[in-house]
Amino acid sequence: MPLTLTDTNLRYLLAIYHLAKTMPEVTPLAMSAALPAREVDASCAVLYGE
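Small disclaimer: the values here were computed from a predicted structure and weren't measured.

Q: Go over the overall build of the chain, please, and point to the residues and values.
A: Across its full length, the chain holds 3 helices and 0 strands. Buried residues in the chain amount to 18% of all 50 residues. For the chain, the accessible surface area stands at approximately 4100 Å², while carbon and sulfur atoms represent 65% of it.

Q: Explain the nonpolar core to me, using residue names and the numbers behind them.
A: Listed in full, the 6 residues of the largest apolar core are Tyr 12, Ala 15, Leu 19, Ala 30, Met 31 and Leu 35. Of all the secondary structure elements, the ones that give two or more residues to this core are helix H1 (7–22) and helix H2 (28–34). Considering each element in turn, this core owes the most residues, 3 residues, to H1.

Q: Got a sec to walk through a nonpolar patch on the surface? Specific residues and values, please.
A: A surface patch of nonpolar side chains, about 410 Å² in accessible area, is lined by Leu 3, Leu 5, Leu 10 and Leu 13. Counting through the fold element by element, Leu 3 comes out in the segment before H1.

Q: Which residues make up H1, and what values go with them?
A: Its 16 residues give H1 an end-to-end C-alpha distance of 23 Å, which sits within 8% of 22 Å, the value for a rise of 1.5 Å per residue. Those residues of H1 not exposed but buried are Tyr 12, Ala 15 and Leu 19. The buried residues of H1 occupy an angular sector of 60° when projected down its axis, which confines them to one face. Opposite the buried face of H1, by more than 90 degrees, sit the exposed residues Asp 7 and Lys 21.

Q: So what about the confidence of the model for the chain? Which residues, and what values?
A: Looking at the chain as a whole, its pLDDT mean stands at 76, while 72% of the residues score no less than 70. Helix H3 (residues 37–48) is the least confidently modelled element of the chain, averaging 56 in pLDDT, while H1 averages 88, the highest of any element.

Q: I'd like to hear about the environment of Ala 34, residue by residue, with values.
A: Here Ala 34 shows up in helix H2. For the pair Ala 34 and Ala 15, spaced 19 residues apart in sequence, the C-alpha separation works out to 6.5 Å. Non-local contacts of Ala 34, meaning those with residues more than four positions away in its chain, are made with Ala 15 and Leu 19.

About the criteria used
Residues numbered from 1 in each chain as written. Predicted model: local features only at pLDDT ≥ 70, side-chain atom pairs only at ≥ 80, totals over all residues. Heavy atoms only, no water. Helix = DSSP H or I, 4+ residues; strand = E, 2+ residues; numbered from the N terminus. Buried < 20%, exposed > 50% of the residue type's maximum accessible area, 1.4 Å probe, protein only. Areas by Shrake-Rupley, 256 points an atom, 1.4 Å probe, with all protein chains shown as cover. Core = buried A, V, L, I, M, F, W, Y, C linked by side-chain atoms within 4.5 Å. Patch = residues over 30% accessible without salt bridge, like charges linked within 9 Å, V, L, I, M, F, W, Y side chains within 5 Å. Salt bridge = Lys/Arg side-chain N within 4 Å of Asp/Glu carboxyl O. Expected span 1.5 Å × (residues − 1). Arc of directions from axis to C-beta. pLDDT = per-residue confidence, 0-100. Contact = heavy atoms within 4.5 Å.

Pasting the structure below:
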């Protein structure tokens, strides 16, 4: 089954990519500053099953 990425998934991955180029560890705090709150909440729900 092929993996399908949504626009939100791609924005999240792109933010991680850009942050990783400037800092050794991408933290949730850095992600919350890089993305709108709604996207971070959705990402947390996917990552932590909430």
